[in-house]
Each structure stands twice: as structure tokens, then as C-alpha cells.
Amino acid sequence: MGTVKSEKGEPLAGATVAEKGNSENATQTKEDGGFILKVKSANATLVIGYIGYASKEIKLNNSQSSIAVSLAVENKLATDTVIIVGYGRQRKQSVVGAISQVKGEVLERTGGVSSLGATLTGNLPGVITVATQGTPGAEDPKIYIRGQSTWNNSDPLILVDGIERPMNSVDVGSVESVSVLKDASATAVFGVKGANGVILITTKRGKDGKADIRLTANSTVKVPSKLASKFDSYDALRIRDIAIENELGTSPASWNNYVPYAELDKYRNPANQAEAERYPNIDWQDQVVKKYAMSYNANLNISGGSPFVKYFSSIDVLHEGDIIKKIANDKTYSPGYGFDRINARTNLDFNLSKSTVLTTNLAGSYGVRQDAYGQDSWEYRIWQSIYNNAPNIYYPRYSDGGWGYYPAEQVSTINSLATMGNNGVRKTTTTRITTDFTLKQDLGMLLKGLSAKGLISFDNSFVSQGGVYDNGTIQQEYINPVRGDTTYSQYLGTNQFNWVPYHWTTNVDAVQNASTYRKLFYQVQVDYARKFGFHDITAMGLFSRDKYATGSEFNHFREDWVGRVTYNYGLKYFAEFNGAYNGSEKFGPDYRFAFFPSAAAGWMISNEAFMSNVRFINTLKLRGSYGKVGNDNIANRWLYMTTWTYGGNAPLGASAGQNSPYTWWSEAHSSVGNPDIHWETVTKADIGIDYSLWNGLVSGSFDVFNDYRTDILLDGPSRAVPSYFGVQPATANLGKVRNKGYEVDLRLSKNVSKNVRVWANLSMTHAKDKIIEADDPQLLDDYQKKAGKQIGQAYSYVSSGYYNNWDEVYGSTRLNTYDNQKLPGNLNMIDYNGDGVVDNKDVVPAGYPERPMNTYNATVGVEWKGFSAFVQFYGVSNANRYLQLLSFGGQYHYDNVYKQGSYWSPTNTNADMPVPRYASVMPYYGTNYLYDGSFLRLKNAELAYTFKLTQLKRVGINALRVYLNGDNLLLWTKMPDDREVSMGAATAYPTIRRFNLGLNLTF
């Protein structure tokens, strides 16, 4: 007999005690840590093990009948890690759901990145991020959790301290942890909100003890990552001449645009400023984009506590400089772009009594984004010149002060410098205030293990705009390179010659009523947790309501009734049952409420007696879950109701032109309601293994998942309803999608010596979806149906090499357009359906969606005394992105020629690109502009040094850490520029590379 306790003297119930060499002779300790075991020999050796603690061997002697064993913590993470789950917390060892969690300090090392969403990239298995733009203050990526299983809104639910709030409302320095809930057991408690996964953000709180003051400061250099390369004027015009020579047979008139060498040379070597303006050779990337921009971020927080109150307060200041240049305009105001923000947060915990705790979270944010007026719907004009403007189109600004423009076509040839410099300064201020109060009451005096809490929160945000208004009217001019004459855009003023510029005005900062947001949320929760010997039981019941609105719209409402029960026996067998009964006002009365259940089970194999002699396995847990979760995250709100419209009068009267005084009312043809509309439902199944080997040297998890989503909303235009139906059909729940895959998480940690530790975190996520049903027309060919394809599947004409001679041209399939302009060097387009003509029926699935199917992460680090360093590589595969960088494109065949490799010629029939065209047309380019979107990034790297405590105590500093890190440092890709989304060539803000110098200082 004997007892097993921790180093702190706490009994360890469920510890395994086995006779070495005879694994069948084993037992487990009771609630008080005691055990009784009969052994064959008085000199036997006992092996004692417990999850998270180092195993110990005790050799008995003849005189021993009782022993006392103390086990030391082997892996603090395994015993102390608390995982944030829906509406609660669980010890890591008892979690049976698929949950990933990352600490805030890990996110802080991401190289000067201020967007919390962007810091998640590669740090959480199952989380797929797609960067959409690098605009200051708007760098939040698109986030998918385990891929995509709906063509509607696939954004995950985001909760900040248990309340639905935007992720960008929290600064990285205030984050304690981020948890991602992925399977049914973890997300079912969120009912109609959890189908796309859930992200739980927990902010920092105070702890008992003296005040700790922590300062973090970062200074970041931002540079453009990679932009598409273009030829200068000389080379572009030389390629134009080659194209004209090739196409003279089909377009003899092209010869009029041939540029002789003597004129070509003037573009590269102008004799004077006048020639430079007449024959421009402009590097638009250099004109528009800075070499670098600066960003600064500082976070100051204080935390501590006493027996009465614990506190955490922080203030975070951010300045994001912009890589777009500030353009001088001689108008006494300074245009430009940028973002400034200040966040403040105070989290307080008051111990009102031994059983009552009042928690308050108060947070505010004040952000100012500076841009120009008139850019909301035309933002592409800011960087249009980077991608689309030819180097010889015009001079950006002439020596007489006029701004360059192209009179023949002014939309697709916008002068970005003129746009940025003459549309005023608009400052958009967003003020956000969030408050929540929670009262927790221990009800142990009524029933041991019983507690309750109530929460109420108020969120408000206001948006205002003001600044310097300038309508952008300027004097523009164009010098014709052939004739040398000048065309002006304005001829007003004295003698119709001297133009009078527009006088800018100031706009007073005014609240944008349509953007104001307010939210009321309240919640009541009852918890029960009790241990009976080896039986550990918890239960939770919850009720909550949401009420929120933006602008003058009707309030949105949601109601939730949630329950959960968990059970574990001796930390070996686990079970969990969850259910949510949710109400959403987005659906009609008959479908307003729904119930979403889930169940999960786990088996801690390593705690079984027969595993006591398997010394290298410290933790081995098998878990599985199954359940249903819903999604009401849809764009339109009143789909169950028919919208009525009015207008017009019926003819009525004795004479022509007389009408009825009554206005017609009728059903809107595009808004027929469907009273049976309801939520999407996904059935989630997950099987996973968690493991830890060789005393924590190797640890990780492996999950296989299968999601089947049904009742996916399909809007009217996407339905297979014939046009003679008369109106646009109603939206209906007709779609089905299956999404399945796996996750691998591998972590290595080794103390090589007393002062040296090496570690690595490796992970991979594979997620592939397949549309099962999308209401495709029955007579449509299978290859043109959505069913059987992925969501967002890329489609394209496809080609098979080139026409390499005239015989191949004459023998080729007819094109339905511009067939008479085929030339050797054209792409040989495939007549996929074999009907003798290449047309839109030959567009077929090609490649993958832009959302990657596979993501990879490898982070490797080393620590030596005060030094530490790590590198993080992040990659994706099985993704395609469309980027049409068409040379000599546009109505007037602009001399915009991109560097895309070699061109076809009779001696180079395996070239990268077909023969260039100038005035003639090659209508189909196949998959030439459907690029392989796979990439590998050196996502982050850091070198840091932590100064010794003895060196700092003398000056009142408890800790000092200095670091140099970076983000998006290197890129390997087949894409012509750095982007992760398919966007038009002129509508992509450049992706940013960062180099950051920072410090952490604690007093």
C-alpha cells in the first residue's frame, strides 16, 4: 500500500501503479492518492506514472509495506495549460474537441504586423489565411477554418472575451490567447453561428502581486514585396515593332504605328527636357511607390492585483505609414495616405466577497484613416498607374505644371499621381467603445460545485468624416509624340486660355449616421463541477440574447439556449455532450429556431495500466466527435418575405393622358420571398490523436475531419429556373457540399545543454471541398456543372501548344470570333466538346480555386543563454490565381508590355508566351494568365537578446529584451507579383514586406 502525491503534496487520483516486468499487475490511486497492490516478490520494483508528471520507479525491500511517492512535474504545459472553449475553460488533458490555441506572446513576434488576423498565419493548424491587401488600417486577411463548405459567407464567428466583436477591435499587445474551435463538439454550442468555425480571443487580466509595468515599442520599415515587371518605353516599342512585323498580313494598317529606330532612341536618350516630355519613358512603379515607409507601434500596460482587485490596463498607439508617395500639388494642403490608431483597455476583477466576483472589461479605440475624396468606388485609381499605364503614355507632370493624361481614353489610363495629389484630404475617424460587466457567484452553499454568472455588454461605434475637399478638377495636358502638339483638358478662364483652378474647401468632421453601430448583449450562465472519486462531472446551462443595428436599420435579434455536460473517469475515459437551441430573426416564423447537438468521446490510452511499462509515451489520447452546427451568416435579411414595389398609374379618364390617382403596387420581380428559407446545416465528424513522447521531446496531434453541409442557400439567378418563369426565382436551400481533409501538428523541443534549447513547430492542413448539389440544369454537360467541382473552381479555355506553321493554322479548329486573324504563334485552342468551333462551350474546369487546398508551416528556433532566434516558413499549394497582364491591351493598344518570359518565334516553339499582337486580335489565351498560386514565404524571422536580470536591477528594470525581426521577408512563387487573391491588374494594393526593430521592457 502507499500514496502518490505531487511535489506540492496534492493527492494524485488516477495515477498508475504497476509492478515492473508484470504489466498485468497494476492498479490506480484513489481520490486521496492511496493505493493497494499485491506483488509477487518483496524486492519488486513499482512503476508509478501520472499524466504530465515524470514517471518514477521505486524498488521495494523486504521490510517495506507502505511507501509515499512524490511525482515531479514533467511537462508544465500538459498539466497547467488551460484551453479556452465555448463559454468556459478546460484543462488541456480533458479536452476532447479539435481546438488549437496560441499565446499572445507568440503573435507579438510577427515582425511589426499590426493586424491581429494577419499574425495568425501559420501559427494555428487548420486556420487558412488569404491576404487581400496591404492598405494601412485594412490588412485583415480572409480567414477560413478547415477550408470552405459554402459559397455564401464563410467567415468564422469571432468572439472577444466571449462577445461577438470584430477582430480588428483588439491590438496584439492585449491578447492573452487565441483559440480556434473546429469540430462539432467545440462549435455546436454556438448553434446557427458556428458552422464556419469559431475564433475565441481572450484579453489579458491582472494577477495577484505587485504592479508590473511593461513597455513594447516597434519601429518598422515597410517596402513593397513584389510588383509585376514591365519593359521601359524603348523595349516596349521595340516589341511593338516586332508584333507589327508579324501581323502585317492580317493588319496592314499596323505599319502606320511602326516606330523607327531614330525615334526609339529618343525615349531612352532624350536630348533635353522637352524631348523627355514628348517621348516619355516613365517607371510608374517608381513614380507612385516609395522606396520604403515607416510604421511605429508602442504598447504600455500595467498589471497586478491585491486580495480585493486584480487589474490590467493598456494603451496601444499605432502609426501606419503608406508606401504610396505623397504628391506635391502647390495647393497649400498636403495629400497622402496613412492610418493612426490608439487603443485603450482596462480589465478589472473585484472580489466583492469570498464567493462573489465582479469583472469589468472597458475598451476603446480611436482610429483615423487618411485618404482622398472620391475613392470609395474608384479606389483602383490610386494604383492604376503601377500596373496598367504604359511607360510612354504621357509624362506624369509637365514642366509647366500640367498633369499628364491621355485624351482619347481617360478611364483606363488614369494618372494616379494626379488623382492622389488633387482630391483633397479625407480623414475617416472610427471611434469604438466596448463595455461588459460580469457578476460571478459561487453557490456552493446551496450545492457543492454550483456557480452562476450574469453578463451584460454595450458596444458602440461611430464613424465620422471631414477634411479638405478638392473635386479633382485640374489642368491636364498631352503631348503627341508624332506631331509634337499639345492638347489641354481645360480651356476656361480669361480669353478661354488661362484656366482658373478649383478652390478647395474644408469639410467639417461629420458623423456618418449610416455607419454608426450599437449592440446590447446579455447572458446568464449556470455551471456545475464536481468530482466523486474517479468520476469528474461538469454541466453548463446558458441563455443569451443579442440586439444590434447599424445606422437606421431595424434591430437584429438572436437568442441562444445552450447546454453542455462533460464526464471523465480517472482521466482515462472522457465524454462530452453539447446542444444549442438558437433563434434567428433572419428566417420566417416556422424556421426561426433550431436545435444543434453534438457528442464527443476520448480515451487517454497512456493512463491505462497496460501502458505503464511503455516509458517513451507520456501522453496518448484518442478522441472523436460528431454533431450538427448551423449557419445564418447570410447577406440578405428578409428572404422569407416578398418585397413590394410601387410606381406608375393606370390610364383612367375620358381623354388621353388622364391617369388614375392611385399608384400601382406590385411584387418586385427580383425579390420574391420564400417562407421556407432556413439555416444551413453542417454535420461535422472528427477523429484525432494527441501525443507526447520522450518526456516532451516530440508532441503534437493528428486530425481527420469530414464536414457535410446541406441546405446551402442558392440565390435566384443561380437557380435552374427558365426565363419564362417571369420573375427572378426566390432564394432556396438547395445546395450541398462535402469538405474533408486532415491536419498534422508536430512539435519538437530539446534541451541540448543547460543553456541551449532547440525547438520546432511543424504543421500542415489539407482541406478539399466538393459540391454535391447546386441546382445545375439537368441538360448541362457535366464538365460545365458546378456539382463535382470545388467552390470557386477556376474555369478557362485550354490550349495544346502553338500553331507553329501555316499548315497548322489552316488545319486548326475554327474560332467563333476573330478566326481570320489566326497566325503562327497563336495558342492552339482545344475544341473540348468536339462541335467544330471554339466558343464558350469549351470553357472547362482548370486548376484549383484561389483558396489553397494545402497549407504548410515550419518554425524552427534556438535559445542560447540570453540569445534567441527563429525562422518561420509558410507555404501553400493547389491554388490558382487569375492575373491578366495583357500587353498592348485596351482600345488603343497601349504600349504596356510585361516581362513574362520568352515569346514564340519559328525558332522558339516552346516559348512562355504566344507571339505578341498589336492591332490584330488573338481572342483566347487559355490558361496563360491562370497562374499557379503556390508559394513559399520566409514569413517571419527574429534575432533577440534578453539581458540578465542582475544587470538591470540596479536601474529598476526587471527585464529587457531587444529584437530584430521581419515579416514576409522572402518569396518563392510563379506569380508575377506578390498577391494571394485573384484581382484585376489595377485593383491590388501591393503586398508589404517588413523589417522591424523593437524592445520589451518590464519595470
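Residues numbered from 1 in each chain as written. Predicted model: local features only at pLDDT ≥ 70, side-chain atom pairs only at ≥ 80, totals over all residues. Heavy atoms only, no water.

Colleague: Break down the sheet that holds strand β26 (residues 486–488) for me, with residues and values.
Modeller: Spatial ordering of the open sheet is given by β22-β25-β26, a layout of three strands whose pairing is mixed. Looking at strand neighbours, the two that pair on one side only are β22 (403–404) and β26, the edges of this open sheet. Taken together, the three bridges between strand β25 (residues 476–479) and β26 define a ladder with antiparallel strand orientation. Bridging across to β26, I479 finds its partner in T486. (Pairing = 2+ DSSP bridges. Helix = DSSP H or I, 4+ residues; strand = E, 2+ residues; numbered from the N terminus.)

Colleague: Could you give me a rundown of the UniProt feature "domain: TonB-dependent receptor plug" (unreviewed entry) in the protein chain, with the residues and numbers involved?
Modeller: According to UniProt, the positions carrying the feature "domain: TonB-dependent receptor plug" (unreviewed entry) are residues 92–198. When the span residues 92–198 is considered, its composition is 11% helix and 25% strand, and the gap between its end C-alpha atoms is 18 Å. (UniProt positions renumbered as here; feature names shortened; annotations may be inferred.)

Colleague: I'd love a proper account of the pairing of strand β7 (residues 67–71), names of residues and values included.
Modeller: Burial along β7 is one-sided: the residues I67, V69 and L71 are buried and none of A68 and S70 is. Where strand β1 (residues 2–6) lies against β7, five bridges are found, and the strand directions are parallel. If you follow G2 over to β7, its bridge partner there is I67. (Buried < 20%, exposed > 50% of the residue type's maximum accessible area, 1.4 Å probe, protein only.)

Colleague: Describe a positive patch on the surface, listing the residues and the values that go with them.
Modeller: Taken together, the side chains of R89, K103, K207 and K440 present a region of like positive charge at the surface. With respect to the helices and strands, the residue K207 is situated in the loop between β16 (198–203) and β17 (209–224). (Patch = residues over 30% accessible without salt bridge, like charges linked within 9 Å, V, L, I, M, F, W, Y side chains within 5 Å. Areas by Shrake-Rupley, 256 points an atom, 1.4 Å probe, with all protein chains shown as cover. Salt bridge = Lys/Arg side-chain N within 4 Å of Asp/Glu carboxyl O. Lys, Arg positive; Asp, Glu negative; His and termini not counted. Charge placed at Lys NZ, Arg CZ, Asp CG, Glu CD.)

Colleague: Account for the packing of helix α5 (residues 233–247) against helix α6 (residues 261–268), naming residues and giving values.
Modeller: Where α5 contacts α6, the two axes come as close as 8 Å, and the packing angle between them is 155 degrees. With respect to α6, the axis of α5 lies roughly antiparallel. Where α5 abuts α6, its residues S233, Y234, D235, L237, R238 and D241 lie against Y261, L264, D265, Y267 and R268. In the contact of α5 with α6, the residues fall into five nonpolar, one polar and five charged. (Axes fitted to C-alpha atoms, helices over the stretch in contact; angles between N-to-C directions. Parallel < 35°, antiparallel > 145°, perpendicular 65-115°, else oblique. Contact = heavy atoms within 4.5 Å. Nonpolar A, V, L, I, M, F, W, Y, C, P; charged D, E, K, R; others polar.)

Colleague: Tell me about empty space enclosed by the protein, and name the residues and values.
Modeller: As enumerated under the stated definition, the model contains eleven cavities of 30 Å³ or more in all. Only β11 (127–130), β50 (935–946), β51 (959–973) and β52 (992–1002) provide two or more residues apiece to the lining of the largest cavity. Broken down by element, the residue count for the lining of the largest cavity peaks at three residues, all from β50. (1 Å grid on protein atoms, 1.4 Å probe; cavity = no way out; pocket = protein on both sides within 12 Å on 5 of 7 lines; lining within 4 Å. Points joined across faces, edges and corners; volume = space filled by probe spheres on them.)

Colleague: So what's going on with the pattern of salt bridges? Which residues, and what values?
Modeller: Once their charged atoms are close, side chains differing in charge can pair, the charge on each being opposite to the other. Under the defined criterion, the tally for this structure stands at 49 salt bridges. D686 is the salt-bridge partner of R623, the closest N and O atoms lying 3.6 Å from each other. Of this pair, R623 sits in strand β33 (residues 617–631) while D686 sits in strand β36 (residues 680–693); the two residues are 63 residues apart in sequence, bridging distant segments of the chain. Measuring nitrogen to oxygen at the nearest pair gives 3.2 Å for the salt bridge that ties D707 to K684. Of this pair, D707 sits in strand β37 (residues 698–714) while K684 sits in strand β36, and the two are 23 residues apart along the sequence. Overlapping salt bridges bring together R146, K182, K621, R623, D686, D690, D703 and E743 as one network.

Colleague: I'd like a description of unusual backbone geometry, backed by residues and values.
Modeller: At Y818, a residue that is not glycine, the phi angle is positive and equals roughly 55 degrees. Among the secondary structure elements, Y818 is positioned in the loop between β42 (814–815) and β43 (827–829). Although it is not a glycine, K865 sits at a positive phi angle of roughly 50 degrees. Position of K865 relative to the elements: it lies in the loop between β46 (854–864) and β47 (867–877).

Colleague: So, α5: which residues are in play, and what are the values?
Modeller: Its 15 residues place the ends of α5 21 Å apart at the C-alpha level, agreeing with the 21 Å of an ideal helix rising 1.5 Å per residue. Listed as buried for α5 are S233, Y234, A236, L237, I239, R240, D241, A243, I244 and E247. Looking at the buried residues of α5, the elements they touch are α6. (Expected span 1.5 Å × (residues − 1).)

Colleague: I'd love a proper account of the packing of aromatic side chains, names of residues and values included.
Modeller: In total, this model carries 32 aromatic pairs according to the counting rule given. Look at Y406 and Y478: their rings are 5.6 Å apart centre to centre, the planes differ by 85 degrees, and that puts the pair in the edge-to-face class. Residue Y406 is found in the loop between β22 and α10 (416–421), and its partner Y478 is found in strand β25; the two are separated by 72 residues along the sequence. What makes Y406 buried here is its relative accessible area of 15%. Clustering of aromatic rings is evident, with ring pairs tying together Y406, Y478, Y892 and Y894. Above the plane of the ring of F574 lies K621, whose end atom (NZ or CZ) is 5.9 Å from the centre. Stacked on the ring of F231, the Lys or Arg K899 has its end atom at 5.6 Å from the ring centre. (Phe/Tyr/Trp six-rings, centres within 6.5 Å; stacked < 30°, edge-to-face > 60°. Lys NZ or Arg CZ within 6 Å of the ring centre and 35° of its normal.)

Colleague: For the nonpolar core, give the residues involved together with the corresponding values.
Modeller: The biggest cluster of nonpolar side chains holds 32 residues, and the ones touching the most others in it are V288, I324, I386, I393, Y394 and M420. The dominant element in this core, judged by the number of residues it contributes, is α10, at three residues. The residues contacting M420, other than those within four sequence positions of it, are V288, I324, K325, I327, P335, Y337 and I382. (Core = buried A, V, L, I, M, F, W, Y, C linked by side-chain atoms within 4.5 Å.)

Colleague: Got a sec to walk through the environment of G602? Specific residues and values, please.
Modeller: Tracing the backbone through its elements, the reader meets G602 in strand β32 (residues 593–604). Residue class for G602 comes out buried when judged on its relative accessible area of 9%. It is 5.6 Å that separates the C-alpha atoms of G602 and V96, two residues lying 506 residues apart in sequence.

Colleague: Could you give me a rundown of the sheet that holds strand β4 (residues 34–35), with the residues and numbers involved?
Modeller: On the basis of which strands lie adjacent, the open sheet formed by three strands has the order β4-β1-β7 and mixed pairing. The sheet is open, and its two edges are formed by β4 and β7, each paired on a single side.

Colleague: Go over a nonpolar patch on the surface with me, naming the residues and quoting the values.
Modeller: Where nonpolar side chains cluster on the molecular surface, the patch consists of I213, L300, I302, I315, V317, I342, Y366 and F1003 and spans about 610 Å² of accessible area. Those elements that place two or more of their residues in the nonpolar patch are β18 (293–305) and β19 (309–321). Tracing the chain through its elements places I302 in strand β18. Given the relative accessible area of 30%, I302 is considered partly exposed.

Colleague: Please give an account of the side chain of S174 that cites residues and values.
Modeller: With respect to the helices and strands, the residue S174 is situated in the loop between β14 (163–164) and β15 (175–181). Classification of S174 by relative accessible area gives buried; the value is 0%. Here D171 takes part through its side chain, which lies 2.9 Å from a polar atom of the side chain of S174. Not counting the four nearest positions on each side in its chain, S174 is found in contact with T202, T203, K204, N299, F312, S314 and R345. (Polar contact = N/O pair within 3.5 Å; in protein donor to acceptor, adjacent residues only side chain to side chain.)

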